Amino acid sequence: MSRKTSRRRDTSPPRTGGSEAETLRGFLDYLRDSIAAKVDGAPEPDVRTAAVPSGTNLLGLLQHVTAVERWIFLGEDVKDWPATFRAKPEDTVDDVVARYRDAVAQANAVLDDCADLAAPLPHAPAGRTAPSVRWALTHTIEETGRHAGHADILRELIDGATGR
């Protein structure tokens, strides 16, 4: 792994001051941008190399949160969650980042049509009841935030890059 140190300026959390939905979506988009930025521009093959005993790698984290977005907001079935942490060997960083941004855009299109946070999402994961919009937003904030923290550490281990 290369040890070049690069510091990005931290981006402050959003100050929405609006409705509950605007606040939740503002924080979710903030975390989405943070994790995508950690992967975007990361060097090969380090981006897919496990830096911890669990096997977690930077590209796999973004692959996983893509599956989470598609599962929660689009109702796509996921049969093997551990497999979502592995990108295919032929996937490039640009491929995985583009798929994530596409999943986010599709999820946001669904959310744009959800005015009531207590209402169920229009799509339910296979064999499940659709969660409320509020639960889906809160869970996705938690999931993305957790993995964005992992990505912070992994990216710093790869090339010393820090910040959001």
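The coordinates are above.
It should be emphasised that the depicted structure is a prediction, and the values quoted were computed from it without experimental measurement.

Student: Looking at this structure, how should I read the overall build of the chain?
Tutor: Of the regular secondary structure elements, the chain holds four helices and zero strands. The secondary structure elements of the chain, listed N-terminal to C-terminal, are α-α-α-α. Residues classed as buried in the chain amount to 44% of the 164 residues present. Element-wise, carbon and sulfur atoms account for 53% of the exposed surface of the chain, whose accessible area totals about 8600 Å².

Student: Help me understand helix H4 (residues 133-159), please; the structure alone is not making it clear to me.
Tutor: Helix length check: H4, at 27 residues, gives a terminal C-alpha distance of 38 Å against a target of 39 Å (1.5 Å per residue), a fit within 8%. Of the residues flanking the end of H4, it is Gly-160, one or two places downstream, whose phi is positive at about 85°.

Student: I'm lost on helix H3 (residues 93-112) in this one. Help?
Tutor: Since the α-helix packs 3.6 residues into each turn, any two residues three or four apart lie on the same face. Taking 1.5 Å of rise per residue, 20 residues should cover 28 Å, and H3 covers 28 Å from first to last C-alpha, within 8% of that figure. Buried within H3 we find Val-93, Val-96, Val-97, Tyr-100, Ala-103, Val-104, Ala-107, Asn-108, Val-110 and Leu-111. All buried residues of H3 lie within an arc of 155° about the axis, which places them on one face of the element. Summarising the geometry of H3, the exposed residues directed more than 90 degrees from the buried face are Asp-94 and Asp-112. Of the surrounding secondary structure, the elements contacted by the buried residues of H3 are helix H1 (20-39), helix H2 (58-74) and H4.

Student: Hey, could you run me through the environment of Ala-21 in this one?
Tutor: Take Ala-21: it is sitting in helix H1. For Ala-21, a relative accessible area of 24% corresponds to the partly exposed category. In this structure, the C-alpha to C-alpha distance between Ala-21 and Ala-115, residues 94 residues apart in sequence, is 8.3 Å.

Student: Sorry, what's going on with a negative patch on the surface here?
Tutor: Among the surface-exposed residues, Asp-40, Glu-90, Asp-94 and Asp-95 lie close enough to one another that they form a single negatively charged patch. The topology assignment puts Asp-94 in helix H3. Among the residues examined, Asp-94 registers a relative accessible area of 56% and is labelled exposed.

Conventions used here
Residues numbered from 1 in each chain as written. Predicted model: local features only at pLDDT ≥ 70, side-chain atom pairs only at ≥ 80, totals over all residues. Heavy atoms only, no water. Helix = DSSP H or I, 4+ residues; strand = E, 2+ residues; numbered from the N terminus. Buried < 20%, exposed > 50% of the residue type's maximum accessible area, 1.4 Å probe, protein only. Areas by Shrake-Rupley, 256 points an atom, 1.4 Å probe, with all protein chains shown as cover. Expected span 1.5 Å × (residues − 1). Arc of directions from axis to C-beta. Contact = heavy atoms within 4.5 Å. Patch = residues over 30% accessible without salt bridge, like charges linked within 9 Å, V, L, I, M, F, W, Y side chains within 5 Å. Salt bridge = Lys/Arg side-chain N within 4 Å of Asp/Glu carboxyl O. Lys, Arg positive; Asp, Glu negative; His and termini not counted. Charge placed at Lys NZ, Arg CZ, Asp CG, Glu CD.

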